[in-house]
Amino acid sequence: MTDLRSTRRDDGKDSRPTETRMMDDNAARPVKSRPGGLAPWQERKVLHHVSEHLGRSIQIRDLAGLTGLSVGHFSRRFRGSFGLTPRAYLIRRRLEYAKTLLMQTPSHLCQIALASGFSDQSHMSRTFQAIVGSTPTRWRRERAPHPTP
C-alpha cells in the first residue's frame, strides 16, 4: 500500500491527500465537517448504520434514505464529509474490521470474509491485496506473535 502521509507544502499547509487526513479511529468519523458535506446528524446516523450492519450487504440507496437525500446528492455530500465515496468508505471499513479479526481470532479466512461483509473469501483476498498490498494470510502471518523458545 502506498504511504499517503506525505509532506507539508511550502506554505505550511498539510498536503496529504484527503483520504489520509479524513478519518481517525479506524475510519469511523470525519476529522471535521466541511461545507457541502453531510449535516452532523446525518453523519452520525450513517456511521451508526454502517457499524451496525458492516457484516451485511449495505446499499448506498439505503444510506441515502437514512439521510433523506437522493443517491446522487447523498454520494456528493458523503464525499464532502469523508473524502471518499460511500463505496470506498465501506470497503475501507470492512478491511479494517477484517484486519482486527485476523489479529484477534484464529478464524478461517472464509469466516472472516463473511463476518466483514465481503461476498466470499476470494472477494476479500482480492480487495485486501489491492488495497493493503499483501494477502490476508501473509499479512496475518507477518503480524502473528512469534513463539519464544
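Structure: see above.
Not measured: the values here are computed from a predicted model.

A.B. asks: Sorry, what's going on with the packing of helix H5 (residues 86–104) against helix H7 (residues 121–132) here?
C.D. replies: Between two packed helices, both the angle of their axes relative to each other and the distance between the axes serve to describe the pair. One can describe the packing of H5 onto H7 by two numbers: an axis separation of 11 Å at closest approach and a directional angle of 100 degrees. Between H5 and H7, the angle is such that the two are roughly perpendicular. Note on element contacts: H7 touches H5 through Met-124, Thr-127, Phe-128, Ile-131 and Val-132, opposite Ile-91, Arg-92, Leu-95, Ala-98, Lys-99 and Leu-102. Grouping the constituent residues of the contact of H5 with H7 by class yields eight nonpolar, one polar and two charged.

A.B. asks: How should the environment of Leu-90 be read in this particular structure?
C.D. replies: Tracing the chain through its elements places Leu-90 in helix H5. With 36 residues separating them along the chain, Leu-90 and Leu-54 place their C-alpha atoms 8.0 Å apart. With sequence-adjacent residues up to four places away left out, Leu-90 is seen in contact with Val-50, Ile-58 and Ile-60.

A.B. asks: Honestly, the nonpolar core in this entry has me stumped. Any pointers?
C.D. replies: Nonpolar side chains in soluble globular proteins generally cluster together in the buried interior. The biggest cluster of nonpolar side chains holds 14 residues, and the ones touching the most others in it are Val-46, Val-50, Leu-63, Phe-74, Phe-78, Phe-82 and Tyr-89. Among the elements of the structure, helix H2 (40–53), helix H3 (60–67), helix H4 (71–82) and H5 are those that each provide at least two residues to this core. Contacts of Phe-78, omitting those with residues within four sequence positions, involve Leu-38, Val-46, Gly-83, Leu-84, Thr-85, Pro-86 and Tyr-89. Among the nonpolar cores identified, the runner-up in size contains 13 residues, and Ile-91, Leu-102, Ile-112 and Met-124 belong to it.

A.B. asks: Explanation requested: the packing of aromatic side chains in the structure shown.
C.D. replies: We describe a pair of aromatic rings using the distance from one ring centre to the other and the angle between the two ring planes. Applying the stated criterion across every chain yields a total of five aromatic pairs. With centroids separated by 4.5 Å and ring planes inclined at 25 degrees, the aromatic side chains of Phe-78 and Phe-82 adopt a geometry described as stacked. Note that Phe-78 and Phe-82 are positioned in helix H4 at a spacing of four residues, about one turn of the helix. Phe-82 carries the same exposure label as Phe-78, and that label is buried. Both rings, one in Phe-128 and one in Trp-139, keep their centres 5.8 Å apart while their planes meet at 75 degrees; by these two values the pair is edge-to-face. Of this pair, Phe-128 sits in helix H7 while Trp-139 is found in helix H8 (residues 136–143), placing the two residues eleven residues apart along the sequence. No difference in accessibility class separates Phe-128 from Trp-139, as the two residues are buried.

Scoring rules and cut-offs
Residue positions are given per chain, counting from 1 as you read along its sequence in written order. The predicted nature of this model means local features are confined to residues of pLDDT at least 70 and side-chain atom pairs, given and counted, to a pLDDT of 80 or more, with totals for whole chains, interfaces and linings taken over all residues. Only hydrogens and water are removed before side-chain values are computed, so all heavy atoms of the structure are retained for them. Fitted lines through C-alpha atoms serve as axes, helices being fitted only where they are in contact, and the angles separating the N-to-C directions of these axes extend from 0 to 180 degrees. Where helices and strands are cited, they refer to DSSP runs of H or I of at least four residues and of E of at least two residues respectively, numbered from the N terminus. Oblique is the label for any angle not under 35 degrees, not over 145, and not in the 65 to 115 range, which are roughly parallel, roughly antiparallel and roughly perpendicular in turn. Contact definition: two residues touch when any of their heavy atoms are within 4.5 Å. Gly falls in the polar group here, along with every residue not listed as nonpolar (Ala, Val, Leu, Ile, Met, Phe, Trp, Tyr, Cys, Pro) or charged (Asp, Glu, Lys, Arg). Throughout this description, the term nonpolar core refers to a set of buried Ala, Val, Leu, Ile, Met, Phe, Trp, Tyr and Cys residues connected via side-chain atoms within 4.5 Å. Each residue gets one of three labels from its accessible area relative to the maximum for its type: buried under 20%, exposed over 50%, partly exposed in between, using a 1.4 Å probe on protein chains only. Each pair of aromatic rings taken from Phe, Tyr and Trp, with Trp reduced to its six-membered ring, is defined by centres within 6.5 Å and is described as stacked if the planes are under 30 degrees apart, edge-to-face if over 60, and tilted in the remaining cases.

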